[in-house]
Each structure stands twice: as structure tokens, then as C-alpha cells.
Amino acid sequence: MGGDPSPEGVARRLREGMARGVLSFPLTAFHDDGSLDPDGLRTHVADRLAAGPGAVFPACGTGEFFSLDEEEYRTVVRIAVEEAAGRVPVVAGTGYGWAQAARFARIAEEAGADALLVLPHYLVDAPQDGLVAQLERLAERTRLPLIAYQRGQVAYTADALTRIARIPHVIGVKDGHSDLDRLQRLTLAAPDGFLFFNGAATAEIQARAYAAVGVPAYSSAVHAFAPEIAGAFFAALRDGAAGTVDELLREFYVPFVELRDRAPGYAVSLVKAAARLRGQRVGPVRAPLTDPAPADLADLKDLLTAGLDLVGAAL
């Protein structure tokens, strides 16, 4: 942990980081037998940090939080904290029901995380009162600042957002629905300083649309395997270089999304496969995900090579 650990301090550091770079969601490294690979994870996280993200989010969706047991989770978060060494905020994933989320939250506290990303709860649909109560119960059981992730069965109304923003140390919302009408209502209902960021799958595709409703910050799965591409896109978007943004979208991001959509789970397994193509020791995905089919891997290699060429990098 680094800097002011208060919710206001963490929110300030995140806001500063989000203006400086993408939010990085590192992969969790496994051996071929499916066991956790701490050394591979440490190298992967260190390389992501060297590429200058605004913050690092270990053990979240891209990091296969849903497949980790508590001791593996502890190791993943601890390694991210050690490698970050206070340079950027470390926001660990937590989730399931509030009782289990609180267990992961305690582990993240002990490991030195700065904040928590609260992933959608398990299985059931719930009314807005229940969604708010879920965060209230978790907030009562951790001192760490919370960022709520609305995706899947979690979608907040503007009224619920105002109630969430009053919960002690809830500091922001990550959006994965890409419902810009709803999102605009939430940003207008939020108090000054409340954080929002674009958490859509392959968020760069919709980055300009999100920015238009006041949400310029975004998470980048591409940063996990091609920080050169992710960084070039961020810089072009920030600097208003529309031609470069269009070229990267047309030649890399849109084809990547089309490849991602070929099979369920490719939003994670393609990212991990691309990292392996670049020599990263991250290993396979865990069930219920599966690694990409050989033909898809061949297409991924061609696309990655072309994308890196666009930004003057090599596979």
C-alpha cells in the first residue's frame, strides 16, 4: 500500500492514475497442471507495471478470480502489492455473496491491497434494495475502499447510485453494460469526485462513446499482452489523434473483438493465449474456461503481429 489509505486518498490516487494510463488487469499464471505459478505471476505483473498503467487490478475477471481458492487469492494479491511497491494503487477483486466477499476482503487487507473491486454476486437476480444492501454489508466488514462493478445481473438505477455513494468508503462504479443512457443518468446522480470507469469487454472499442458521457477512464485487457498497442491507443485518444484511433480500431481492436466473440470465455482465454505468444509465462486457463482452438490461435497470432506492427513493435 502506498500513500494516503483513506477512501479520499485512494480515490485521488486512482483519479490521477486514470488520467495517466489505462487500468491494468493482470492475468493469473498457472502451471500446465493447473496449479498456481507464483514466479510466472510475479514476472507478468512486473512487466505490466513497467508499461506504466494507472493502477493494477489483480484477481479480477481477467485474472480468473472465480477459479481461485482463498490461499491462492492471498498469494496473487500479495505479489501484486509487492511488485507495485506503492507506485500505483492495487485494487483486488472480491465477490460472490457479501459474506464470502468479506472473507476475500479480509485477505486483501492483510495482503496490503489499496481497494476492492466488488464483482457481481453469484447466480440470482436481485432488486435494487438488495444490490445496495450487498455493498452495505461488505462495507461494514472491511476498511478498504470499494468500487462496485455493474455487469451481468447487477445494474444500478440512479436512485440506487445515490444511496451507494453514501455508503462509507464506496468510491466508484465500474460499468460493463455499455448502456450509455443508464450510465449518463448515473454520472449525473453521483456526487462530485465519485469515480466511474469503462469496464466493457475490450473497452477501447467504446472508449470514445464512454468519454462522451463523462467516463474517459477504462480498463484494458489488451494491456495484459500488448501494452504497446494499449499505450498507443490511450495516447491517441488522449491527444485527440482521431486518425490513429480509427486505424487501431479498424486494424486491430475490431478484428480482435470478432475473434473474441467466436466462443464463450474467449474474453479471458484469448488474452492469456496472446500473452503466451509473447513469451509470458502465464500458462493455461482453468475450467470452466478452455484455451482457444488451434485455428483461432493461428488467427490470433496473425492479428497480434499486425497490431504490433502498427505501433512499431514486434511479436
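That block above? That's the structure.
Notes on the structure follow.

Conventions and cut-offs
- Residues numbered from 1 in each chain as written.
- Predicted model: local features only at pLDDT ≥ 70, side-chain atom pairs only at ≥ 80, totals over all residues.
- Heavy atoms only, no water.
- Pairing = 2+ DSSP bridges.
- Helix = DSSP H or I, 4+ residues; strand = E, 2+ residues; numbered from the N terminus.
- Phe/Tyr/Trp six-rings, centres within 6.5 Å; stacked < 30°, edge-to-face > 60°.
- Buried < 20%, exposed > 50% of the residue type's maximum accessible area, 1.4 Å probe, protein only.
- Lys NZ or Arg CZ within 6 Å of the ring centre and 35° of its normal.
- Expected span 1.5 Å × (residues − 1).
- Arc of directions from axis to C-beta.
- Contact = heavy atoms within 4.5 Å.
- Salt bridge = Lys/Arg side-chain N within 4 Å of Asp/Glu carboxyl O.
- Core = buried A, V, L, I, M, F, W, Y, C linked by side-chain atoms within 4.5 Å.
- Polar contact = N/O pair within 3.5 Å; in protein donor to acceptor, adjacent residues only side chain to side chain.

Quick look at the sheet that holds strand E8 (residues 219-220)
(1) Moving on: Read from one edge of the open sheet, 3 strands run E2-E1-E8, paired in parallel fashion. Since the sheet does not close on itself, it has two edges, and those belong to strand E2 (55-56) and E8, each with one partner.
(2) Moving on: Where strand E1 (residues 23-24) meets E2, 2 bridges bridge the pair, whose relative direction is parallel. The residue bridging Ser-24 from the neighbouring strand is Val-56, located in E2.

Focus on the packing of aromatic side chains
(1) Moving on: Scanning the entire structure with this criterion turns up 14 aromatic pairs.
(2) Moving on: Arranged with centres 6.2 Å apart and planes meeting at 35 degrees, the rings of Tyr-96 and Phe-104 form a pair that is tilted.
(3) Moving on: Judged by relative accessible area, Tyr-96 falls into the partly exposed class, the value being 25%.
(4) Moving on: Given a relative accessible area of 3%, Phe-104 falls into the buried group.
(5) Moving on: Residues Tyr-218 and Phe-234 carry aromatic rings whose centres are separated by 6.2 Å and whose planes lie at 50 degrees to one another, so their mutual orientation is tilted. In this pair, Tyr-218 sits in the loop between helix H8 (207-212) and E8 while Phe-234 sits in helix H9 (residues 227-239), placing the two residues 16 residues apart along the sequence.
(6) Moving on: A relative accessible area of 11% places Phe-234 in the buried class.
(7) Moving on: Among the aromatic residues, those joined into a ring-pair cluster are Tyr-218, Phe-225, Phe-233, Phe-234, Phe-252, Tyr-253 and Phe-256.
(8) Moving on: In this arrangement the basic side chain of Lys-174 is found over the ring face of Tyr-149, its NZ or CZ atom lying 4.2 Å from the centre.

Examining helix H2 (residues 38-50)
(1) Moving on: For H2, which comprises 13 residues, the first-to-last C-alpha distance of 18 Å matches the rise-based estimate of 18 Å (1.5 Å per residue) to within 8%.
(2) Moving on: Listed as buried for H2 are Gly-40, Leu-41, His-44, Val-45, Arg-48 and Leu-49. All buried residues of H2 project into a common sector of 165 degrees when viewed along the axis, lining one side. Across H2 from its buried face, at more than 90 degrees, point the exposed residues Asp-39 and Ala-50.
(3) Moving on: As for H2, its buried residues are in contact with E1, E2, helix H3 (70-84) and H9.
(4) Moving on: Positive backbone phi, approximately 80 degrees, marks Gly-52, located one or two places after H2.

A few points about the environment of Val-282
(1) Moving on: Structurally, the position occupied by Val-282 is in the loop between helix H11 (266-277) and helix H12 (294-310).
(2) Moving on: Setting aside its immediate chain neighbours within four residues, Val-282 contacts Leu-27, Thr-28, Ala-29, Phe-30, His-44, Lys-272, Ala-275 and Arg-276.

Details of the pattern of salt bridges
Pairing between side chains of opposite charge can happen when their charged atoms approach one another.
(1) Moving on: Here the structure, examined in full by the defined rule, presents 23 salt bridges.
(2) Moving on: Across the pair Glu-109 and Arg-143 runs a salt bridge whose closest N-O atoms are separated by 3.3 Å. You can see Glu-109 sitting in helix H4 (residues 98-111) and its partner Arg-143 sitting in the loop between helix H5 (128-139) and strand E5 (146-150), a full 34 residues away along the chain.
(3) Moving on: We note a salt bridge from Asp-291 to Arg-276, for which the minimum N-O separation is 3.7 Å. Residue Asp-291 is found in the loop between H11 and H12, and its partner Arg-276 is found in helix H11; the two are separated by 15 residues along the sequence.
(4) Moving on: The class of Arg-276 is partly exposed, set by a relative accessible area of 29%.

Description of the environment of Leu-146
(1) Moving on: Here Leu-146 is to be found in strand E5.
(2) Moving on: For Leu-146, a relative accessible area of 0% puts it in the buried group.
(3) Moving on: Expressed as a C-alpha distance, the spacing of Leu-146 and Asp-129, which sit 17 residues apart in the sequence, is 18 Å.

Structural notes on the nonpolar core
(1) Moving on: Membership of the largest hydrophobic core comes to 75 residues, with the highest contact counts inside it found for Leu-14, Phe-57, Tyr-73, Leu-117 and Phe-196.
(2) Moving on: With residues near it in sequence (within four places) discarded, Leu-14 still touches Ala-55, Pro-89, Val-91, Ile-147, Ile-171 and Leu-195.
(3) Moving on: Formed by 32 residues, the second largest nonpolar core is a distinct cluster that contains Ala-224, Val-271, Leu-300 and Leu-303.

Digging into the side chain of His-121
(1) Moving on: Tracing the sequence through the fold places His-121 in the loop between strand E4 (115-118) and H5.
(2) Moving on: Accessibility expressed as a relative area gives 11% for His-121, which makes it buried.
(3) Moving on: From its side chain, His-121 meets the backbone oxygen of Val-124 in a polar contact 2.5 Å long.
(4) Moving on: Those residues in contact with His-121 that lie beyond four places of it in its chain are Tyr-96, Ala-126, Leu-131, Gln-134, Gln-153 and Val-154.

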